[in-house]
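# Architecture at a glance
Here is what each chain is made of, one letter per residue.
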Amino acid sequence: MAYKNREESSELKILHILNARMDLTQTEKQHYLNLKKGFQGEVQFDQLVEGAGLHHKFYILNDLLLKCDNTTFQIDSTIITQNSIIPNEIKNFEGNLIYKNKNFYNCTTDGIYQNPLEQLNRIKILLTKLLQKNGFNIPIEGNVIFINPECFLYQAPVDEPIVYYTQLNRFLRSLNAKPSFLDNTHTELANFLLNAHITEPESMHLPAYQFGSVRKGLNCGKCNSFFLEIHGRKLVCYDCGYQEKIEAAVVRGVEEVRLLFPELKLTPNIVFDWCRLSISSKWLRRILKDNYEQFGYGKWTYYG
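Residues numbered from 1 in each chain as written. Predicted model: local features only at pLDDT ≥ 70, side-chain atom pairs only at ≥ 80, totals over all residues. Heavy atoms only, no water.

## Side note on helix 3 (residues 116-133)
Test applied: Here a helix means four or more residues in a row that DSSP labels H or I, a strand means two or more in a row labelled E, and each is numbered from the N terminus. To estimate how far a helix should reach, multiply one less than its number of residues by 1.5 Å. Only protein chains enter the calculation, and the probe is 1.4 Å; a residue is then buried if its accessible area is under 20% of its type maximum, exposed if over 50%, and partly exposed in between.
Here helix 3 contains 18 residues, and its C-alpha end-to-end distance of 26 Å stays within 8% of the 26 Å for a straight helix at 1.5 Å per residue. All of the buried residues in helix 3 are Pro116, Leu117, Gln119, Leu120, Ile123, Leu126, Leu127, Leu130 and Leu131. Remark: Gly135 follows helix 3 within two positions and exhibits a positive phi of approximately 85 degrees.

## Some remarks on the sheet that holds strand 10 (residues 228-231)
Rule in force here: Strand pairing requires that DSSP identify at least two bridges connecting the strands. For helices, the axis comes from a line fit to the C-alpha atoms of the stretch in contact; other axes are also lines fit to C-alpha atoms, and the angle between any two N-to-C directions lies between 0 and 180 degrees.
Spatial strand order, 10-11-12: three strands in an open sheet with antiparallel pairing. Whereas interior strands pair on both sides, the edge strands pair on one side only; in this sheet they are strand 10 and strand 12 (243-245). Recorded for the sheet is a direction-independent mean angle of 30 degrees between the axes of neighbouring strands. Both strand 10 and strand 11 (residues 234-237) contribute to a ladder of four bridges, which runs antiparallel. Note that in strand 11 the partner of Glu229 across the bridge is Val236.

## Examining the side chain of Arg6
Just so we agree on the cut-off: Here a polar contact means two N or O atoms within 3.5 Å. Within protein one must be a hydrogen donor candidate and the other an acceptor candidate, and residues neighboring in sequence count only if both atoms are side-chain atoms. Any pair of residues with heavy atoms lying within 4.5 Å of one another is described as a contacting pair.
Positionally, Arg6 belongs in the segment before helix 1 (10-21). Of the residues examined, Arg6 reaches a relative accessible area of 11% and is grouped as buried. Here the side chain of Arg6 touches Glu42 through a polar contact of 3.3 Å, side chain to side chain. One polar contact links Arg6 to Asn62, side chain to side chain, over a distance of 3.4 Å. If we ignore the near neighbours within four places in the chain, the residues touching Arg6 are Phe39, Glu42, Val43, Asp46, Asn62, Asp63, Asp76, Ser77 and Ile90.

## A look at the side chain of His186
If you trace the backbone, His186 turns up in helix 5 (residues 184-196). Polar side-chain contacts of His186 include one of 2.9 Å to the side chain of Asp183. Those residues in contact with His186, other than ones at most four positions away along the chain, are Tyr59, Ile80, Thr81, Gln82 and Phe181.

## Here's the deal with the environment of Thr109
Within the secondary structure layout, Thr109 lies in the loop between strand 5 (103-106) and strand 6 (112-113). Along the primary structure Thr109 and Leu97 are separated by 12 residues, whereas in three dimensions their C-alpha atoms are 9.9 Å apart. Separated by 3.1 Å, the side chain of Thr109 and the backbone nitrogen of Gly111 make a polar contact.

## Quick notes on helix 1
For helix 1, with 12 residues, the first-to-last C-alpha span of 17 Å sits near the 16 Å given by 1.5 Å per residue. Buried residues dominate helix 1, accounting for nine of its 12 residues. Summarising the contacts, the buried residues of helix 1 are in contact with helix 2 (26-51), helix 6 (246-260) and helix 7 (268-275).

## Things to note about the packing of helix 1 against helix 2
Filter applied, for reference: We call two directions roughly parallel when the angle between them is under 35 degrees, roughly antiparallel when it is over 145, roughly perpendicular when it lies between 65 and 115, and oblique otherwise. Two helices cross in a left-handed way if the nearer one is turned anticlockwise from the farther one by less than a right angle. They cross in a right-handed way if the turn is clockwise. Asp, Glu, Lys and Arg are counted as charged, while Ala, Val, Leu, Ile, Met, Phe, Trp, Tyr, Cys and Pro are counted as nonpolar; the rest, among them Gly, fall into the polar class.
At a closest axis distance of 10 Å, the pairing of helix 1 and helix 2 adopts a crossing angle of 125 degrees. In this view, helix 1 runs oblique relative to helix 2, as classed from their interaxial angle. In the packing of helix 1 onto helix 2, the handedness of the crossing is left-handed. Contacts between helix 1 and helix 2 pair Glu11, Leu12, Leu15, His16 and Asn19 from the former with Lys29, His31, Tyr32, Leu35, Lys36 and Phe39 from the latter. Class assignment of the residues belonging to the contact of helix 1 with helix 2 gives a composition of five nonpolar, three polar and three charged.

## Some thoughts on the environment of Tyr242
Position of Tyr242 relative to the elements: it lies in the loop between strand 11 and strand 12. For Tyr242, a relative accessible area of 32% corresponds to the partly exposed category. Tyr242 sits 142 residues away from Lys100 along the chain, and the two C-alpha atoms are 47 Å apart. Setting aside residues no more than four positions away along its own chain, Tyr242 makes contact with Cys220, Gly221, Lys222, Leu235, Val236 and Cys237.

## Re the state of the cysteines
By definition, a disulfide links two cysteine residues through a covalent bond between their sulfur atoms. The cut-off we apply is this: Whenever a pair of cysteine sulfur atoms sits within 2.5 Å, that pair is classed as a disulfide.
Following the criterion strictly, the structure yields zero disulfides and no others. This cysteine, Cys220, is not joined by any disulfide, and Cys240 carries the nearest cysteine sulfur, 3.7 Å off.

See the structure below:
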């Protein structure tokens, strides 16, 4: 297991919910899809690293959000080895790209991508300053990982730390060959980065939404379809056949409300309105009582 596991950001979780419950603009939709695709690529890299057994030898910290000199920077995957710290910038680009004029372009649309080599260089500069300010002196390497097998880069620079999909196995073997004696200094470094991690970004790019304006009702936990039917104590999806216990589905719905509307008190009426299930109020209240702390009494009851 990694020293710091990867989780979906609140921004991605919220956009995932909103994508199913309101009409996003094309720009909002594309932003959501970009975040989703990037996360999928990062998870794919995590699986390869774990499959290679690197988490047994080194400290692996996934998805660090750090700040130095009032500048925030993110590291997709950080590997602390005996003699160096290795930040990895993971890109899930797809299709044919071309590198020209120190930029990355899509060969089909001629659209420009944010230069991942510049991103990596920025990370290395800020990480070096952050560590030195806090008494850590360890060489910083770093790589840009192209994780998608359907990505090809023309005119690729040969003197840059780029790892392509076809090179990943050799790359992981080379990491595995590095010295792996980690002492208290490495543990202190890992703990420092863990404690310095910012749990939530200062801003999220979200559309405007209100409780009354988003679609209500539980949707499928697998395919997001709203075409569900109650069978006994389970919800069954008409579209994909996925089955979920009603209690688990209600808790999932409550967590959606908590994430989208943290200012709302979770009253039974709010939960009923959100879930819109044909179950008794007694059953719903029991689900809430079994899974959340109850506050107040009677019509002033809410859960947290």
